[in-house]
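# Reading the structure
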Amino acid sequence: MLPGTGDRLGEWKVEGPLGDGGQANVYLGARRGRRAAIKIFRPVDPQGVDPFGADRLDAEFRALETLDHPCVVRAIELGADHQRRWFAMEYVEGPTLQEAVESGRIRGVTSDTLALFLSLADALQHVHHHGVFHRDLKPQNIILRASDHSPVIVDFGVSLRWDLLGKNDRRTRQGVL
């Protein structure tokens, strides 16, 4: 069961939905004056059972907690309650790179555009240096921080960690759609 506005996930109070993707919903949460994005995988069957959802959520959180870069979203807390597993991460306010391009805010090659992509390259070098592969990097998974317009890579939901490759990783398999 997915939470509604006012529900609690651990100590976090759900303020409302932020978005959803192929596998999960993300909510804005607040705790002691701090805001966070809280991710919950949607169950894959009508009974609410998802045998791999907890594995995917744990793997994403574990990948994020190994990273410490200003252009990579930060993991805060992994939790479970009411048969739901969730994790809280830094809430990054701002448009996605896709939204910025579509609105015309980003056009052509400028010094600002080059600085943005150099920041992303530095972040990806950090991510790869720590053995994490995002595997879904696209303009919708990059948020431009409202306060300073710096890019932040989000949604590590299908990421892989090099140290876990081939070790019973059931999240994605060759030949399975």
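If you're wondering where the values come from, they're calculated on a predicted model, not measured in any experiment.

### A look at the pairing of strand β5 (residues 75–81)
In summary, the side chains of a regular strand alternate between the two faces of the sheet. Pairing geometry for β5 and strand β6 (residues 84–90), over 6 bridges, is antiparallel. Within β6, the position partnered with Asp-81 by the bridge is Arg-84.

### A look at the pattern of salt bridges
A full pass over the atoms with the stated rule returns 10 salt bridges. Among the salt bridges present, the one from Arg-32 reaches Glu-11, with a minimum N-O distance of 2.4 Å. Taken as a pair, Arg-32 in the loop between β3 (24–31) and β4 (34–41) and Glu-11 in the loop between β1 (8–9) and β2 (12–20) lie far apart in primary sequence, 21 residues in all. Linking Glu-15 and Arg-35 is a salt bridge whose minimum nitrogen-to-oxygen distance equals 3.1 Å. Of this pair, Glu-15 sits in strand β2 while Arg-35 sits in strand β4; the two residues are 20 residues apart in sequence, bridging distant segments of the chain. On the accessibility criterion, Arg-35 (40% relative accessible area) is partly exposed. Each of the salt bridges in this network shares a partner with another, and the network as a whole consists of Lys-39, Glu-60 and Asp-155.

Cut-off values and rules
Every chain is numbered independently, its residues counted from 1 as its sequence is written. Restriction of local features to residues with pLDDT of at least 70 applies here, the model being predicted, together with a cutoff of 80 or more for giving and counting side-chain atom pairs; totals for whole chains, interfaces and linings are based on all residues. Side-chain descriptors were evaluated using all non-hydrogen atoms of the structure, hydrogens and water having been removed beforehand. We treat two strands as partners when DSSP finds at least two bridges between them. A run of H or I in DSSP counts as a helix once it spans at least four residues, and a run of E counts as a strand once it spans at least two, with each numbered from the N terminus. Basic side-chain nitrogens of Lys or Arg form a salt bridge, by our definition, when they fall within 4 Å of a carboxyl oxygen of Asp or Glu. To sort residues, take the accessible area from a 1.4 Å probe on protein chains only and compare it with the maximum for the residue type: under 20% means buried, over 50% means exposed, and anything in between is partly exposed.

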